[in-house]
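Chain residues, written in single-letter form:
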Amino acid sequence: MVKVAARRRRRSPGRAAAMLGVTAVTSSMLAACGSSDGMQINVYYAPEDNFQEVVDDCNAQANGRYEIVYNKLPRDADGQREQMVRRLAAGDTSLDILGLDVTWVPEFAEAGWVEEWTGEHKAEAEKDVLAGPLETAVWDGKLYAAPKNTNVQLLWYDDRITPEPPRTWEEMMEMSRQLREQGKPHQILFTGAQYEGLVVVYNSIAESAGGHILSEDGQSVVIDPGAVRALEILKEVSSTGLTDPSLTNQQEDEVRLTFQQGRGAFQLNWPFVYASYAAEKPDELKHFKWAPYPGVGEPGTGRSTIGGYNLAVSSSSQHKEEAFEAALCLRNPEHQKFSALMDGVPPTIESVYDDPAPLDPSKQADPESNPTMEQKYPMKDTIRDELKDAAVRPLTPAYQNLSIVMAKVLSPPSAIDPQSKAQELRDQLDEALSSKGVIP
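All of the points below concern the structure found in this document. (Residues numbered from 1 in each chain as written. Predicted model: local features only at pLDDT ≥ 70, side-chain atom pairs only at ≥ 80, totals over all residues. Heavy atoms only, no water.)

## Here's the deal with the overall build of the protein chain
Per the secondary structure count, the protein chain includes 19 helices and 11 strands. Relative to the compact-globule value of 22 Å for 440 residues, the protein chain shows a C-alpha radius of gyration of 22 Å, a close match. Along the three orthogonal principal directions, the C-alpha set of the protein chain runs to about 70 × 55 × 30 Å. Burial statistics for the protein chain: of 440 residues in total, 57% are counted as buried. In the protein chain, the share of contacts with a sequence separation of at least 24, taken over all contacts with a separation of at least 6, comes to 77%. Counting every atom, the protein chain has about 17,200 Å² of accessible surface; 47% of that belongs to carbon and sulfur. (Helix = DSSP H or I, 4+ residues; strand = E, 2+ residues; numbered from the N terminus. Rg over C-alpha atoms; globule rule 2.2 N^0.38 Å. Buried < 20%, exposed > 50% of the residue type's maximum accessible area, 1.4 Å probe, protein only. Contact = heavy atoms within 4.5 Å. Areas by Shrake-Rupley, 256 points an atom, 1.4 Å probe, with all protein chains shown as cover.)

Written as structure tokens, this is what we have:
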């Protein structure tokens, strides 16, 4: 997964639970008593500050038929995947609901570790879900997960430096050069370290150029002219003084901090940067603006690579029917809105973006204590528009192999020779793809 490094604000457990309609008494009774027959539904999911409140509410709705238990996975994506892979490969029956990074669904489905969603469960999981997030939950034409939360990168800028944002990478690089000549902050900031973040940047530029890394069925390597054009752009932007000198050490938070310190004109990053800017530079927030991901060649062609998590039901679960029901509850519209406002994870359900009500509809809206989607996500329409035509990372069970190879080949971006790197990618990705193995 591309890391969502959101800055989250904690709310008191009682207050947050009340906003979900769960009283402290009900939650404590469920925790003490469990379900009437002792059935436990284990959900293995990434750390999310207020996710336990969602679990508590779903337990209240289950009315004692089962108890959902939140098992926190490691914070880093590799650690999350490794823990689940090892246990699933061993046939561990205690795993019921799995929180899968959007890149893992093909791998887990192909390995037979997750159940297909069918019938009413499938219909509910797909209902009103934006096209981009839904695509990440499908493998081989079948739905294997329910989209829980999503993410896309935006172009962020300071309107005191650039009143109008660039619409393409070409425009952005030219504006950067002009700003440099004027002695103004000019750097184009993005994740250039040797990890998944660099792969995301490359995939986004390639897709914006109409390119492809793999074939649509994920069975063969392509690296077509659009993908080569992405290599040319990475080379140009990183070798001509338009990026930060520490580019090869920058991940999401380093990019955010560099921009906040006034050392950049543009940053390509996830929406978490808005909340951070609001908290750390509130007096300048009115100048912190956003725009769609820049295109390549023509305005309007930009496609940001999608991030996020999906919920899947383990094939080894002994309580599959209850697990499907619980998973649907954990990512229903009400809970997606709660998680968006409390933990900064954008919803996959389109109607949530238009919900005008505050977190607690019985109380007056307040940006701090009882926010609305409009207050927490002023950029929500741009996010939603990007999600309708977002770029998806190559869908293949071997994605982990491919990601490691691409990060290595692309680093450092300033050393890229487009034609030779394109052939190197074809050769090495073909080897990684043909391995057809799961990295333990």
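More follows now that the structure is in view.
## Some remarks on helix α19 (residues 418-435)
For α19, spanning 18 residues, the distance from its first C-alpha to its last is 26 Å, which sits close to the expected 26 Å at 1.5 Å a residue. Looking only at α19, the buried set comprises Pro418, Lys421, Ala422, Leu425, Leu429, Ala432 and Leu433. Down the axis of α19, the buried set is contained in an arc of 100°. They therefore lie on one face. Residues of α19 that are exposed and point more than 90 degrees away from the buried face comprise Gln419 and Glu431. Looking at the packing, one finds that the buried side of α19 touches α9 (196-208), α10 (225-239) and α18 (399-410). (Expected span 1.5 Å × (residues − 1). Arc of directions from axis to C-beta.)

## Overview of the pattern of salt bridges
All told, the structure shown has 28 salt bridges when counted by the stated rule. For lysine 148, the salt bridge is made with glutamate 48, and the minimal N-O distance between the two is 3.4 Å. Here lysine 148 is found in strand β6 (residues 146-151), whereas its partner glutamate 48 is found in the loop between β1 (40-45) and α3 (51-62), with 100 residues between them in sequence. Judged by its relative accessible area of 3%, lysine 148 falls in the buried class. What makes glutamate 48 buried here is its relative accessible area of 3%. In this structure, glutamate 424 and lysine 421 form a salt bridge, with 3.4 Å as the shortest nitrogen-oxygen distance. Here lysine 421 and glutamate 424 lie together in helix α19, a separation of 3 residues that amounts to about one turn. Given the relative accessible area of 28%, glutamate 424 is considered partly exposed. (Salt bridge = Lys/Arg side-chain N within 4 Å of Asp/Glu carboxyl O.)

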